[in-house]
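# Chains, contacts and geometry: an overview
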Protein chains: 2
Amino acid sequence: MKEIIKVSCGQFFPKFGDTAGNLEQVYRMSEEAQSDLIVFPELASSGYDFHDHEEAQSLALDLVDGPEVYKLAEAAKNTGTHIVLGLPERSLDKVYNSTVLIEPGGQVTIYRKLHLFDKEKDIFDPGNAQLSVVETEIGRIGLMLCFDWIFPEVTRMLALLGAQIICHPANLVLDYCQRAMFARAVENGVFILTCNRIGAEARTGRELSFTGCSQILSNRGGLLAKADSDSEENISAEITPVAADDKMITETNHLINDRRTEFYGGLVK
Amino acid sequence: MKEIIKVSCGQFFPKFGDTAGNLEQVYRMSEEAQSDLIVFPELASSGYDFHDHEEAQSLALDLVDGPEVYKLAEAAKNTGTHIVLGLPERSLDKVYNSTVLIEPGGQVTIYRKLHLFDKEKDIFDPGNAQLSVVETEIGRIGLMLCFDWIFPEVTRMLALLGAQIICHPANLVLDYCQRAMFARAVENGVFILTCNRIGAEARTGRELSFTGCSQILSNRGGLLAKADSDSEENISAEITPVAADDKMITETNHLINDRRTEFYGGLVK
């Protein structure tokens, strides 16, 4: 296991409906990054602003047996990169707003967005699986999506499950998240890669402008890399994932063990 | 009940060991502020850097029958101000790092710091009471102290208990908290008054420099007022506490009800 790894965010403009073209973009940027881990935006394969559930279903990918997953696994293998991207996931009659981690060895981990934003509630089915953290050869990786950021419970759960690196594909239209993730990194002592998209969509009678500014935060909240608000670009940083196992922030204070859980009962009611 | 109220932070330099002088400062700044609510720093009556538990006990106040509480209640009554300040609290052989809310009607609410910072663990007993929110004539007020900020569970619990305004006396030596409270306000939709102290102490072989920059945040994270890093000053803002009851941040998203608590089990283990 490498002590220091290179991690990247591949910020780009997913073209609505162009699954093949968007995935080509993912392959190309993965190759360019030459990174151990690269995170792409939410719904990177499809674009964002669906009319309805049916339209989302028509662009959704089958993550169990779909051909796209095999191609992504090939790209992960060829580049030696752990690839994370958001996409609409089809499962029977359901469509989830999901993100997938594909390891160079071909292993696939799926996270289905628990907290749907705004009109997404009409488009997608709410996530139905537990938050999880997966042990990879570059460290323990946790997955979350976009609006999950506003619920501190999500990053906290991932940290409790042992995440060292949190991958956070996003389609953000405001800049609150980029500011707030500082707190998420500091309070949990984890590295966070927030990869946002750029560009605009106006398919359903509203204009959505995405704010870019993808960022990579250290386990102490340091800004290691930041993208522009409107350029297609890879940003990268070198990190030491195992540093996230050090939860001591003073000689006596441990971010996890100092919690007084006996006073937190209301959190799960 | 007034719809709009004036709230303030009284940032000052508590002189170590000078309880009477520090409380005079509290009375004076309360009078100057002419506010509905004023928050003072943590350990405002005593200063911060105790040698040990015994020294803290010698400067601790009895909040049940101590004369200081009567004087504070008089000040609250005379100025029509809800006064919040931090102080060492004596209870039998225990000493807590506490904060107290004193209403103009004389009601007293105590919070005992749950998460002790660094050497405070050698000085104080850990808080033993539930987090609570108190209904006052200016709104529902929640209390927390300094290092509690790094645990998102604290502000979340206060929000779940209905807090509209969170009073947060502090003795901060870094500036992480001031940056992170933006997330606390946004994720909970609450007003937050963080009142930090200024000045330095070097009583126990280390130099502690406090960072000031007290701030008042709106329920959407807006910076309503901010103090300097080293001046003694009142900062104030007008707020509408009932605005904090609106947890809708889009047409369909509710900060509290959208939580997926069935997936958060780990938070209380």
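The text that follows walks through the structure, step by step, so that each part is easy to find.

What follows deals with the overall build of chain A. Each helix and strand counted, chain A has six helices and 14 strands in total. Over its C-alpha trace chain A gives a radius of gyration of 18 Å, about what one expects of a compact globule, namely 18 Å for 269 residues. Viewed in the frame of its principal axes, chain A has a C-alpha envelope of about 55 × 45 × 35 Å. Sorting the 269 residues of chain A into buried and exposed places 62% on the buried side. Across chain A, contacts joining residues at least 24 apart in sequence account for 69% of those joining residues at least 6 apart. In chain A, 25 side chains carry a positive charge and 40 a negative one; their mean positions are 4 Å apart.

With that settled, the discussion passes to the sheet that holds strand S14 (residues 233-239) of chain A. Residues and elements named next belong to chain A. Taken together, six strands build an open sheet; the order of strands is S5-S4-S3-S2-S1-S14 and the sheet is mixed. In this open sheet, the two edge strands, each paired with only one partner strand, are strand S5 (108-112) and S14. Each adjacent strand pair in this sheet contributes to an overall mean axis angle of 30°, direction not counted. Sheet topology places strand S4 (residues 94-102) next to S5; five bridges connect them, and they run antiparallel. Following the sheet pairing, Ser98 is matched in S5 by Arg112.

For the coordinates displayed, the defined rule picks out 36 salt bridges over all chains. Of the charged contacts in the structure, one is a salt bridge between Glu120 of chain A and Lys113 of chain A, with a shortest N-O distance of 2.9 Å. Both residues of the pair, Glu120 of chain A and Lys113 of chain A, belong to the buried class. Between Glu201 of chain A and Arg197 of chain A there is a salt bridge, with the nearest N and O atoms lying 2.7 Å from each other. In terms of burial, Glu201 of chain A and Arg197 of chain A fall into one category: buried. Among the charged side chains, a network of salt bridges with common partners joins Arg184 and Glu187 of chain A together with Arg184 and Glu187 of chain B.

Below, the discussion takes up helix H5 (residues 152-160) of chain B. Here H5 of chain B lies mainly inside the structure; eight of its nine residues are buried. Of the positions making up H5 of chain B, those classed as buried are Pro152, Glu153, Val154, Thr155, Arg156, Met157, Leu158 and Ala159 of chain B. Lining the buried residues of H5 of chain B we find helix H5 (152-160) and helix H6 (176-188) of chain A together with strand S6 (133-136), strand S7 (139-143), strand S8 (165-169) and helix H6 (176-188) of chain B.

Once that is clear, we can look at the packing of aromatic side chains. Residues and elements named next belong to chain B. Applying the stated rule across the entire model yields 14 aromatic pairs over all chains. Both rings, one in Phe12 and one in Phe40, keep their centres 6.2 Å apart while their planes meet at 80°; by these two values the pair is edge-to-face. One end of the pair, Phe12, is in the loop between strand S1 (5-11) and helix H1 (19-33); the other, Phe40, is in the loop between strand S2 (37-39) and helix H2 (53-59), with 28 residues separating them in the sequence. Side by side, Phe12 and Phe40 carry an identical accessibility label, which is buried. Consider the rings of Phe50 and Phe124, whose centres lie 5.9 Å apart with planes at 90°: the pair is edge-to-face. You can see Phe50 sitting in the loop between S2 and H2 and its partner Phe124 sitting in the loop between helix H4 (120-123) and S6, a full 74 residues away along the chain.

Criteria and cut-off values
Every chain begins its residue count from 1, and numbering advances along the sequence as written. Each chain is given a letter, starting from A, and each ligand a number, starting from 1, according to the order in which they appear as written. Where local features are concerned, this predicted model is filtered to residues with pLDDT of at least 70; where side-chain atom pairs are given and counted, the filter is 80 or more; whole-chain, interface and lining totals use all residues. The side-chain values count all of the structure's non-hydrogen atoms but skip hydrogen atoms and water molecules. Elements are defined by DSSP. Helices are runs of H or I of four residues or more, strands are runs of E of two residues or more, and each kind is numbered from the N terminus. Atoms considered for the radius of gyration are the C-alpha atoms alone. The globule rule reads 2.2 Å times the number of residues to the power 0.38. Buried residues are those whose accessible area, probed at 1.4 Å on protein chains only, stays under 20% of the maximum for their type, while exposed residues exceed 50% and partly exposed ones sit between those limits. Any two residues whose heavy atoms approach within 4.5 Å at even a single point are treated as in contact. In this charge count, Lys and Arg are treated as positive and Asp and Glu as negative; neither His nor the chain ends contribute. Charge placement uses NZ in Lys and CZ in Arg. For Asp and Glu, CG and CD serve respectively. By definition, two strands form a pair when at least two bridges between them are found by DSSP. Only the stretch in contact is used when fitting a helix axis, every axis being a line fitted to C-alpha atoms; angles between N-to-C directions are given from 0 to 180 degrees. Salt bridges are identified by distance alone: a Lys or Arg side-chain nitrogen within 4 Å of an Asp or Glu carboxyl oxygen. What counts as a ring pair is set by centres within 6.5 Å for rings of Phe, Tyr and Trp (its six-membered ring), and what kind of pair is set by the plane angle: stacked under 30 degrees, edge-to-face over 60, tilted for all other angles.

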